[in-house]
Amino acid sequence: MPVFYGTEIASRLMLGTAQYPSPAILAEAFRRSGAGIATVSLRREGAGGAGAAFWQLIRDLGVAVLPNTAGCHSVREAVTTAHMAREVFGTDWIKLEVIGHPDTLQPDPFGLVEAARILTEEGFKVFPYMTEDGVLAGRLLEAGCQVLMPWGAPIGTGLGLNNRYGLRTLRAQFPEVPMVIDAGLGLPSHAAAAMEMGFDAVLLNTAVARAGDPAAMAEGFARALEAGRLALEADPMEPRDMAAPSTPLIGLAVLA
Ligand SMILES: CC(=O)[C@@H](O)[C@H](O)COP(=O)(O)O
C-alpha cells in the first residue's frame, strides 16, 4: 500500500468530498470504496453551523484527511489557505493547488514551486497538484515535496489519462517517488490504467460524486484499482506489432 510522508495508507483510492447529492451518499461512497484519504476544501469549512456539521461527517468517516487549496490562483492565496487549513483540520498535510488558468484549471508551475518551497520550509507535507512535466517534478522534489500528484486530465472533465506518454515518462524518471494521479478521471478503467502504469494511488471527486449512483461508482473505482495493481504485479506481457498464434500449430486437421 502507498506510503506518504512515512504514513502507510490502507487504500489506493483518495476521494474528494464535494458535489455529492447528500452527506449520507458521501458517507456511503466512502464506506463502499474503502477510500483511505478524504480531501477537503477549506472553502467548505466554517467555524460553526454547516461547516461544523460537515467536519463532523468527515471525522466520522475514520479516514485520513488531506486538506486542499482548491480554487487558489496565487502563491499568497494558497499559502494563506494552507495556514488556515492546518489550524482548522489539525494536520500538516496539504494538497497544494495553485491554479494557473481559469478555463483549463491547469496548475501554475511557477507558483506551485514557489508555494511548495515556502510551505515545506514551514514544516508542511506538501502534495502538489501538477502537470505531468518531468522538469517541474524535479523542481518540486528539490523544494522538499516527497509526493507528486500529476493530473490525468483537467479537473472535472472525466477525460481520463490525457497524456499517457508523458505520464509514463514521469513515472520512469522518478521510480521511487510516490505518485498519485489527481483529477480528470471519469471511469474505473482510467484508474486501472493508472495502476498498470505503476502509479501508487488516484484522487478523484467528480466521477463519483456526479455519477447516478455515487456509492456504486466509488466501489467500481476501488475494484478497478485492485485489478490494475494486480495486473502490474503479475508482470504483464509486452505488446507486439506482429500477430503470434496463441494455439499450437501441430495437430491441425489436414483436409485432403
Ligand atoms: C477535490 C479535488 O481536490 C479536486 O480538485 C481534484 O483534483 C479532483 O478532480 P476531479 O473532480 O476531476 O476528480
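Here the structure is a predicted model, which is why all the values come from computation and not from measurement.

1. Observations concerning the overall build of the chain
And then number 1: Summing up its helical and strand segments, the chain has 9 helices and 10 strands in all.
And then number 2: Scaling as 2.2 N^0.38, a compact globule of 256 residues should have a C-alpha radius of gyration of about 18 Å, and the chain matches this with 20 Å.
And then number 3: Referenced to the eigenvectors of the C-alpha coordinate spread, the extents of the chain come out at roughly 85 × 40 × 35 Å.
And then number 4: Counting all 256 residues of the chain, 51% fall into the buried class.
And then number 5: For the chain, contacts bridging at least 24 residues in sequence account for 65% of all contacts bridging at least 6.
And then number 6: For the chain, the exposed area adds up to about 12,500 Å²; of that, 56% sits on carbon and sulfur atoms.
And then number 7: Here the chain contributes 19 positively and 27 negatively charged side chains, and the mean placements of these two sets differ by 3 Å.

2. Describing the pattern of salt bridges
And then number 1: Counting across every chain of the model gives 8 salt bridges.
And then number 2: With a shortest N-O distance of 3.0 Å, glutamate 97 and lysine 95 are connected by a salt bridge. In terms of burial, glutamate 97 and lysine 95 fall into one category: buried.
And then number 3: Across the salt bridge formed by arginine 229 and glutamate 233, the nearest N and O atoms sit 2.9 Å from each other. Of this pair, arginine 229 and glutamate 233 both sit in helix α9 (residues 214-233), separated by 4 residues, roughly a single helical turn.
And then number 4: Here the salt bridges share partners, and the residues they tie into one network are Arg32, Glu219 and Arg223.

3. A short note on the site of the ligand
And then number 1: If you check the shell around the ligand, you find 13 residues, and the closest are Glu97, Gly156, Asp182, Asn205 and Thr206.
And then number 2: A distance of 3.0 Å is found between an oxygen atom of the ligand and a side-chain nitrogen or oxygen belonging to lysine 95.
And then number 3: The side chain of threonine 206 places a nitrogen or oxygen atom 2.4 Å from an oxygen atom of the ligand.
And then number 4: Relative to its unbound accessible area of 360 Å², the ligand is 92% covered by the protein chains.
And then number 5: Its residues placed into classes, the shell around the ligand shows 4 nonpolar, 6 polar and 3 charged.

4. Considerations on helix α5 (residues 134-142)
And then number 1: Every buried residue belonging to α5 is among Gly134, Leu136, Ala137, Gly138 and Leu140, and all of these are buried.
And then number 2: Summarising the contacts, the buried residues of α5 are in contact with α4 (109-121), β7 (125-130) and α6 (164-173).
And then number 3: Residue aspartate 133 occupies the N-cap position of α5, its side-chain oxygen lying 2.7 Å from the main-chain nitrogen of valine 135.
And then number 4: At the C-terminal side of α5, glycine 144 shows a positive phi close to 110°.

5. Topic: the UniProt feature "binding site: 1-deoxy-D-xylulose 5-phosphate" (unreviewed entry) in the chain
And then number 1: Mapped onto this structure's residue numbering, the UniProt feature "binding site: 1-deoxy-D-xylulose 5-phosphate" (unreviewed entry) falls at Gly156, Ala183, Gly184, Asn205 and Thr206. Spatially, the listed residues are clustered: although they cover 51 residues, their C-alpha atoms lie within 8.8 Å of one another.
And then number 2: Along the chain, alanine 183 falls in the loop between β9 (180-182) and α7 (188-196).
And then number 3: Residue class for alanine 183 comes out buried when judged on its relative accessible area of 8%.
And then number 4: When residues no more than four places from it in sequence are discounted, the contact partners of alanine 183 are Tyr129, Trp151, Gly152, Ala153, Ile155 and Leu203.
And then number 5: With respect to the helices and strands, the residue threonine 206 is situated in helix α8 (residues 206-209).
And then number 6: Dropping the residues within four chain positions of it, threonine 206 is found in contact with Gln19, Gly156 and Ala211.

6. Remarks on the packing of α7 against α9
Helices that pack against each other are described as a pair by the angle of their axes relative to one another and the distance between those axes.
And then number 1: Packing of α7 against α9 leaves a shortest axis separation of 7 Å and a crossing angle of 25°. The orientation of α7 relative to α9 falls into the category roughly parallel. When you trace α7 past α9, the crossing you get is right-handed. Here α7 contributes Pro188, Ala191, Ala192, Met195 and Glu196 to the contact with α9, which in turn contributes Met217, Gly220, Phe221, Ala224, Leu225, Gly228, Arg229, Ala231 and Leu232.
And then number 2: Here the contact of α7 with α9 is built from residues that sort into 10 nonpolar, 2 polar and 2 charged.

Definitions and limits used
Residues numbered from 1 in each chain as written. Predicted model: local features only at pLDDT ≥ 70, side-chain atom pairs only at ≥ 80, totals over all residues. Heavy atoms only, no water. Helix = DSSP H or I, 4+ residues; strand = E, 2+ residues; numbered from the N terminus. Rg over C-alpha atoms; globule rule 2.2 N^0.38 Å. Buried < 20%, exposed > 50% of the residue type's maximum accessible area, 1.4 Å probe, protein only. Contact = heavy atoms within 4.5 Å. Areas by Shrake-Rupley, 256 points an atom, 1.4 Å probe, with all protein chains shown as cover. Lys, Arg positive; Asp, Glu negative; His and termini not counted. Charge placed at Lys NZ, Arg CZ, Asp CG, Glu CD. Salt bridge = Lys/Arg side-chain N within 4 Å of Asp/Glu carboxyl O. Near = heavy atom within 4 Å. Polar contact = N/O pair within 3.5 Å; in protein donor to acceptor, adjacent residues only side chain to side chain. Nonpolar A, V, L, I, M, F, W, Y, C, P; charged D, E, K, R; others polar. UniProt positions renumbered as here; feature names shortened; annotations may be inferred. Axes fitted to C-alpha atoms, helices over the stretch in contact; angles between N-to-C directions. Parallel < 35°, antiparallel > 145°, perpendicular 65-115°, else oblique. Left-handed = near helix turned anticlockwise from the far one by under 90°.

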